Amino acid sequence: MPSVALVTEDYWPQGDFVAKSLGMPDAPRVKLPHPVAGTGEANLTRIAEQVVEDIVSKLKGSGEL
Amino acid sequence: MIATLEAIDESAALEQLHELGCTDGLPVIIPTTARVERMVLATLLDGDLVLGEMGPGMGVATIEKVAVAAVMAGCLPDYMPIVLAAVKAVINPAFDLTEMQSTTHCTAPLVIVNGPARTSCGPVASGFGALGPGHRANASIGRALRLTMINIGGAQPGSSDMALLGHPGKFTYCLAEDEEHSPFPPLHRSLGFSANDSVVTVIGAEAPHSVLYSGNADDPENVEKLLSQLAVGLANFATNNAILTGGAAVVVLNPEHADIFSQANMNREEVQQKLWQLTHKPVSQLEQVGGAFGGGRKPGGDYKTFNKPEDILILTAGGSGLYSMVMPSWCAGKHKNSAVSVVVETDQFCEIPL
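Computed from a prediction, not measured in an experiment: that's the story for all the values here.

What counts, and where the lines are drawn
- Residues numbered from 1 in each chain as written.
- Chains lettered and ligands numbered in written order.
- Predicted model: local features only at pLDDT ≥ 70, side-chain atom pairs only at ≥ 80, totals over all residues.
- Heavy atoms only, no water.
- Helix = DSSP H or I, 4+ residues; strand = E, 2+ residues; numbered from the N terminus.
- Buried < 20%, exposed > 50% of the residue type's maximum accessible area, 1.4 Å probe, protein only.
- Patch = residues over 30% accessible without salt bridge, like charges linked within 9 Å, V, L, I, M, F, W, Y side chains within 5 Å.
- Areas by Shrake-Rupley, 256 points an atom, 1.4 Å probe, with all protein chains shown as cover.
- Salt bridge = Lys/Arg side-chain N within 4 Å of Asp/Glu carboxyl O.
- pLDDT = per-residue confidence, 0-100.
- Pairing = 2+ DSSP bridges.
- Axes fitted to C-alpha atoms, helices over the stretch in contact; angles between N-to-C directions.
- Contact = heavy atoms within 4.5 Å.
- Core = buried A, V, L, I, M, F, W, Y, C linked by side-chain atoms within 4.5 Å.
- Right-handed = clockwise from strand over helix to strand, strands pointing away.
- Polar contact = N/O pair within 3.5 Å; in protein donor to acceptor, adjacent residues only side chain to side chain.
- Buried area = accessible area lost by both parts, 1.4 Å probe.
- Nonpolar A, V, L, I, M, F, W, Y, C, P; charged D, E, K, R; others polar.
- Phe/Tyr/Trp six-rings, centres within 6.5 Å; stacked < 30°, edge-to-face > 60°.
- Lys NZ or Arg CZ within 6 Å of the ring centre and 35° of its normal.
- Left-handed = near helix turned anticlockwise from the far one by under 90°.

Enquirer: Would you mind going over the overall build of chain A in detail, with residue names and values included?
Expert: For chain A, the count of helices and strands is two helices and two strands. Ordering the α and β elements of chain A from the N terminus gives β-α-β-α. The principal-axis extent of the C-alpha atoms belonging to chain A is close to 35 × 25 × 20 Å. The buried share of chain A, reckoned over its 65 residues, is 25%.

Enquirer: Before we move on, could you go through a nonpolar patch on the surface and cite the residues and values that matter?
Expert: Together, L212, L322 and Y323 of chain B give the surface a local cluster of nonpolar side chains, amounting to about 290 Å² of exposed area. Along the chain, L212 of chain B falls in strand β6 (residues 209-212).

Enquirer: Just give me the short version of the confidence of the model for chain B, but keep the residues and values in it.
Expert: Residue-level pLDDT values for chain B average 96, and 99% of them are 70 or greater. In the predicted assembly, ipTM is 0.83 and pTM is 0.95.

Enquirer: Explain the sheet that holds strand β3 (residues 108-114) of chain B to me, using residue names and the numbers behind them.
Expert: Sheet strands line up and pair through hydrogen bonds in the backbone, either parallel or antiparallel. Residues and elements named next belong to chain B. The strand order across the open sheet formed by four strands is β4-β3-β5-β12, and the pairing between neighbours is mixed. What marks the edges here is a single partner per strand, and that holds for β4 (174-176) and β12 (340-343). Averaged over all pairs of adjacent strands, the angle between their axes in this sheet comes to 20 degrees, without regard to strand direction. Bridge analysis of β3 against β4 gives three bridges, and the strand direction is parallel. Note on β4: the bridge partner recorded for I112 is L175. Against the sheet, helix α4 (residues 80-91) contacts β3, β5 (199-205) and β12, and its axis sits at roughly 50 degrees relative to β5. Packed on one face of the sheet, helix α7 (residues 136-151) meets β3 and β4 and runs near 135 degrees to β3.

Enquirer: Account for the environment of P186 of chain B, with residues named and values stated.
Expert: All names here are of chain B. Mapping P186 onto the fold places it in the loop between β4 and α8 (187-190). Note on P186: relative accessible area 18%, which makes it buried. Expressed as a C-alpha distance, the spacing of P186 and K298, which sit 112 residues apart in the sequence, is 39 Å. Residues within four places of P186 in sequence aside, it is in contact with N114, E177, E179 and R268.

Enquirer: Describe the nonpolar core, naming the residues involved and giving the relevant values.
Expert: Core analysis: the largest hydrophobic core is formed by 59 residues, its most contacted members being M54, M80, I82, V83 and V200 of chain B. Ranked by size, the runner-up nonpolar core spans 30 residues in total, among them A242, M266, I312 and I314 of chain B.

Enquirer: Which residues make up the pairing of strand β2 (residues 29-32) of chain A, and what are the values?
Expert: Residues and elements named next belong to chain A. Relative to β2, strand β1 (residues 5-8) runs parallel, the two being bridged by four bridges. Bridge assignment links A5 to a residue of β2, and that residue is R29. On the question of chirality, the crossover connecting β1 to the parallel β2 by way of helix α1 (residues 12-21) is right-handed.

Enquirer: Report on helix α11 (residues 255-263) of chain B, specifying residues and quantitative values.
Expert: Residue and element names in this part refer to chain B. Of all the positions in α11, only P255, H257, A258, I260 and F261 are classed as buried. The secondary structure elements touched by the buried residues of α11 are β6, α9 (222-234), β7 (249-253), α12 (268-278), β10 (312-316) and β11 (323-327). Between the side-chain oxygen of the N-cap and the backbone nitrogen of E256 there are 2.7 Å, and the N-cap of α11 in question is N254. Of the residues trailing α11, N265 is marked for its positive phi of about 60 degrees.

Enquirer: Lay out unusual backbone geometry in plain terms, naming residues and giving numbers.
Expert: Residue and element names in this part refer to chain B. With an omega dihedral of 5 degrees, the bond running from G55 to P56 counts as a cis peptide bond. Topologically, P56 is positioned in the loop between β1 (50-54) and β2 (59-62). In this model, G122 is joined to P123 through a cis peptide bond whose omega is 10 degrees. Backbone geometry at N265 places phi at a positive 60 degrees, although glycine is not the residue there. Among the structural elements, N265 can be located in the loop between α11 and α12.

Enquirer: Which residues make up the interface of chain A and chain B, and what values go with them?
Expert: The interface is formed by seven residues belonging to chain A together with eleven residues belonging to chain B. When chain A packs against chain B, close to 680 Å² is buried across both sides, 65% of that on carbon and sulfur atoms. The interface formed by chain A and chain B includes zero salt bridges. In this assembly, chain A and chain B are joined by three residue pairs in polar contact (both at pLDDT 80 or more). Of the residues in the side of chain A that touches chain B, the class split is four nonpolar, two polar and one charged.

Enquirer: So, the pairing of β12 of chain B: which residues are in play, and what are the values?
Expert: Residue and element names in this part refer to chain B. Burial of the side chains of β12 is restricted to one face: V340 and V342 are buried, whereas none of S341 and V343 on the reverse face is. The pairing of β5 with β12 spans four bridges and is antiparallel. Within the sheet, the bridge partner assigned to T201 lies in β12 and is S341.

Enquirer: Outline the packing of aromatic side chains, listing residues and values.
Expert: For the structure shown, the criterion picks out zero aromatic pairs over all chains. In this structure, R29 of chain A is placed above the aromatic ring of W12 of chain A, and the distance from its NZ or CZ to the ring centre is 5.7 Å. Above the ring of F237 of chain B, the side-chain terminus of K281 of chain B is found at 4.9 Å from the ring centroid.

Enquirer: Account for the packing of helix α2 (residues 33-43) of chain B against helix α3 (residues 63-73) of chain B, naming residues and giving values.
Expert: All names here are of chain B. For the pair α2 and α3, the least separation of the axes is 9 Å and the interaxial angle reads 120 degrees. With respect to the hand of their crossing, α2 and α3 are arranged in right-handed fashion. Facing R35, V36, M39, V40 and T43 of α2, the residues of α3 in contact are I63, E64, A67, V68, A70 and V71. Residue composition of the contact of α2 with α3, by class: eight nonpolar, one polar and two charged.

Have a look at this one:
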């Protein structure tokens, strides 16, 4: 099933580490600003609008990591 | 055989290990080939024997690699059976090591030792200051486990160990049960092991929270008040246990508090049952303070912070006095932060002279 991980920038190094240790260094990821949790619905909507194209692109199997 | 590093002297070797991120930040004993071989010899096992993988780095734990950590931590060869049992415990899938090492929570592996190995592989302290400085086995066994989690499991702060602050128990967190002053059977007996077994029980836990209770034998509510104090510490609304629910936690009774239960003719199971009941909480309060984790329950009534009474581990340790300790937990991962117990294999170990 196509999937993509949404990772905030503070946790991006951890995403790299886990992806490599599990043998999936190219696992599709999209970087979000940090923090996201608890920042309110308006901010979540704004972030979603910024990254939706990237998410769709990675789900289609294209786009850079 | 694992790769070796070279340095002109031990001081340079120490700096090299610090720079490579192989230490816990404190000086270590340099794991020279001779020292590691001596530690492996104590196990009478093949150094290449594989114990399992340690996440999140998925490094392969062998006897030799664990011996390296034990040397670095300052262990005596006598401690190796306990160190190996502790490593086996965290490697057990039920421990969820990868998730536990990666979480933002402060959780650290608390190592509880029961049975004859407390003395034959130690002594592992169980009395005054058992979780503090001054006890070589407690300090170095817990530290050895941490060094395996760093160097085999790949845990590095901020990139793979995402604990927001951590806690001092991440350096070492090990004690024995004071079986001799406990009114209850040893913890491992309650967990289904035999009296002659030596057992290590490991659980990811927060730092110990002190619980003050000034007992009064003339107070007819003496037991109820002690139980109430312990329950507040175990699952107050700042703990994951109260918000996420379903995990385990630890109660370390000092002998004086344990005696209050003994005087009331309460056994371990009855204390667990009472604490389980006292940690049921109002759903309305969870909705108020639980944030993203507070919803989804049927409104009104109470909810259980622990699924079952036996998720509350109770042991006796420490000096006698006013203070017991509780260790709430992370309560997450596939197995909800359960405790894992492993028998300490003492039969096959050989004594290595100093």
